[in-house]
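Secondary and tertiary structure notes
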Amino acid sequence: TGGTVTGRLLTDGVSMGDSEELLIGTGNDLKLRHDGTDNHIVSANGDINIQVADTENAIIAKPNGAVELYHNNVKMIETVDVGVRVGDSQRYVVGDDNDGYLRYNSNTVEIYVAHAQPFKVNLGSETALLASANGAVELYYDNSKKFETTNDGVALNGHLQLGDQQEIHLGA
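To keep things clear, this report deals only with the structure shown in the data block. (Residues numbered from 1 in each chain as written. Predicted model: local features only at pLDDT ≥ 70, side-chain atom pairs only at ≥ 80, totals over all residues. Heavy atoms only, no water.)

When its secondary structure is counted, the protein shows zero helices and 16 strands. Relative to its length of 172 residues, the protein is extended, with a C-alpha radius of gyration of 29 Å against a globular reference of 16 Å. By principal-axis analysis of the C-alpha atoms, the protein measures approximately 95 × 30 × 30 Å. Every one of the 172 residues in the protein was classed for burial, and the buried ones make up 9%. Restricting to contacts in the protein with at least 6 residues of sequence separation, those with at least 24 account for 0%. With the model as given, the accessible surface of the protein reaches about 14000 Å², and the carbon-plus-sulfur share is 48%. On the protein, the mean spot of the 11 positive side-chain charges and the mean spot of the 25 negative ones are 3 Å from each other. (Helix = DSSP H or I, 4+ residues; strand = E, 2+ residues; numbered from the N terminus. Rg over C-alpha atoms; globule rule 2.2 N^0.38 Å. Buried < 20%, exposed > 50% of the residue type's maximum accessible area, 1.4 Å probe, protein only. Contact = heavy atoms within 4.5 Å. Areas by Shrake-Rupley, 256 points an atom, 1.4 Å probe, with all protein chains shown as cover. Lys, Arg positive; Asp, Glu negative; His and termini not counted. Charge placed at Lys NZ, Arg CZ, Asp CG, Glu CD.)

Here Glu-138 is to be found in strand S14 (residues 137-141). Reaching out from Glu-138, the side chain makes a polar contact with the side chain of Tyr-140 at a distance of 2.5 Å. With sequence-adjacent residues up to four places away left out, Glu-138 is seen in contact with Ala-128, Leu-129, Leu-130, Lys-145, Phe-147 and Glu-148. (Polar contact = N/O pair within 3.5 Å; in protein donor to acceptor, adjacent residues only side chain to side chain.)

We now examine the sheet that holds strand S11 (residues 108-113). Here we have three strands laid out as an open sheet, ordered S9-S10-S11, and antiparallel in their pairing. The sheet terminates laterally at strand S9 (91-94) and S11, the two strands that pair on one side only. The sheet shows a mean angle of 10 degrees between the axes of neighbouring strands, direction not considered. Judged from the four bridges that link them, S9 and strand S10 (residues 100-105) form a sheet pairing that is antiparallel. Bridged to Arg-91 within S10 is Arg-103. (Pairing = 2+ DSSP bridges. Axes fitted to C-alpha atoms, helices over the stretch in contact; angles between N-to-C directions.)

Purely spatial values, then, with no claim about function.
Right, here's the structure in full:
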């Protein structure tokens, strides 16, 4: 119960039941099916390329490898064996209004926080660093503030310890 068509088949639509497959390629290399719940695209060999506007890459899925996501035909992010990779000068943007981003550019890692919001680094449940726009940068030890910048210089909370043979010079 099947037919063979040589050349093009023109139709107003194709209707198939659940779990039936649409097989494409000489060796049935590409399979499309719906199992009643989920949709499946299966490639027996090679990448799966999803393109828009005929030639513009949107997603490329590689067998036993990366999934690449593109914006305007430029690769923006890909999966790697240890997580995800964002290319040089690309940003990992957070927030609905692009409230912040993380970017690597050549030899510099840049963390940007919009709207003059504080930047905080926690290690577990403890604060390690707190930086405020136009204000202090605070360093913590065991969740207790030990050092901060002020409008006059710095403030130290605790003792200043120097190693043997170390000196402090005050004044000119």
